[in-house]
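Chain residues, written in single-letter form:
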Amino acid sequence: MTSFQWIAFAVLGISFAVTLTLTVRRTLAPRVGLAWGLLWVAAAVAIARPELTGEVARLLGIGRGTDLVLYFAILGMVFGFFAVYVRLRRIERDLTLIVRELAIRSASHVDAGAAIDVDDRGGVSGGGETLH
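Residues numbered from 1 in each chain as written. Predicted model: local features only at pLDDT ≥ 70, side-chain atom pairs only at ≥ 80, totals over all residues. Heavy atoms only, no water.

### Here's the deal with the overall build of the chain
Helices and strands together make up the secondary structure of the chain, namely four helices and three strands. Tracing the chain from N to C terminus, the helices and strands come up as α-α-α-α-β-β-β. Sorting the 132 residues of the chain into buried and exposed places 15% on the buried side. Put simply, of all contacts in the chain between residues at least 6 apart along the chain, 27% involve residues at least 24 apart. Accessible surface computed for the chain: about 10300 Å², of which carbon and sulfur atoms make up 69%. (Helix = DSSP H or I, 4+ residues; strand = E, 2+ residues; numbered from the N terminus. Buried < 20%, exposed > 50% of the residue type's maximum accessible area, 1.4 Å probe, protein only. Contact = heavy atoms within 4.5 Å. Areas by Shrake-Rupley, 256 points an atom, 1.4 Å probe, with all protein chains shown as cover.)

### Some words on the packing of helix H1 (residues 3-24) against helix H2 (residues 30-48)
Two elements in contact, H1 and H2, have axes whose closest approach is 9 Å; the angle formed by their N-to-C orientations is 170°. Relative to H2, the element H1 is oriented roughly antiparallel. Judged by residue contacts, Phe-4, Gln-5, Ala-8, Phe-9, Leu-12, Ser-15, Phe-16, Thr-19 and Thr-23 of H1 engage Pro-30, Gly-33, Trp-36, Gly-37, Trp-40, Val-41, Ala-43, Ala-44, Ile-47 and Ala-48 from H2. (Axes fitted to C-alpha atoms, helices over the stretch in contact; angles between N-to-C directions. Parallel < 35°, antiparallel > 145°, perpendicular 65-115°, else oblique.)

### Quick notes on the side chain of Thr-53
Examined against the element boundaries, Thr-53 turns out to sit in helix H3 (residues 50-59). At 2.7 Å, the side chain of Thr-53 forms a polar contact with the backbone oxygen of Pro-50. In this structure, Thr-53 is in contact with Ala-46, Gly-65, Leu-68 and Val-69, ignoring residues within four places of it in sequence. (Polar contact = N/O pair within 3.5 Å; in protein donor to acceptor, adjacent residues only side chain to side chain.)

### Some thoughts on a nonpolar patch on the surface
A contiguous nonpolar surface patch, about 610 Å² in accessible area, is contributed by Leu-70, Tyr-71, Ile-74, Met-77, Val-78 and Phe-81. Take Met-77: it is sitting in helix H4 (residues 65-111). (Patch = residues over 30% accessible without salt bridge, like charges linked within 9 Å, V, L, I, M, F, W, Y side chains within 5 Å. Salt bridge = Lys/Arg side-chain N within 4 Å of Asp/Glu carboxyl O.)

### Describing the packing of H2 against H3
Running from N to C, H2 and H3 point in directions that differ by 100°, and their axes come no closer than 4 Å. Compared by their axis directions, H2 and H3 come out roughly perpendicular. On H3, the residues that touch Val-45, Ala-46, Ile-47 and Ala-48 of H2 are Pro-50, Leu-52 and Thr-53.

### Quick word on unusual backbone geometry
Note on backbone geometry: most residues besides glycine have negative phi, and most peptide bonds are trans. One non-glycine residue with positive phi stands out, namely Arg-26, at about 65°. Tracing the chain through its elements places Arg-26 in the loop between H1 and H2.

What follows is the structure in structure tokens.
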């Protein structure tokens, strides 16, 4: 076994352990944890047996295993960027709706002569109700 393989297995083992811990603690959704776990295992298999990626590549009509890994990495990054973009747009939309609602409530409270205060926890109060 090469020194690269030792280092890669250590990094992958730690990554797998962290993923497992986060999944058990419910910080990661089970499906997400499973997907990451499978990715770490697939990477370990590809590093342990590089000839296997070549065989799979040839079955898919790709010349080299290295190219197969590169293509999957590119596809994974494109998918990841798209997923982050979609999530960011959803967060921006939700934030706009929240700010709009707070502005409408604030304007209606100011019109009624009620004072609007921000409490220690960041909640907005006015007119007898507190928003968090």
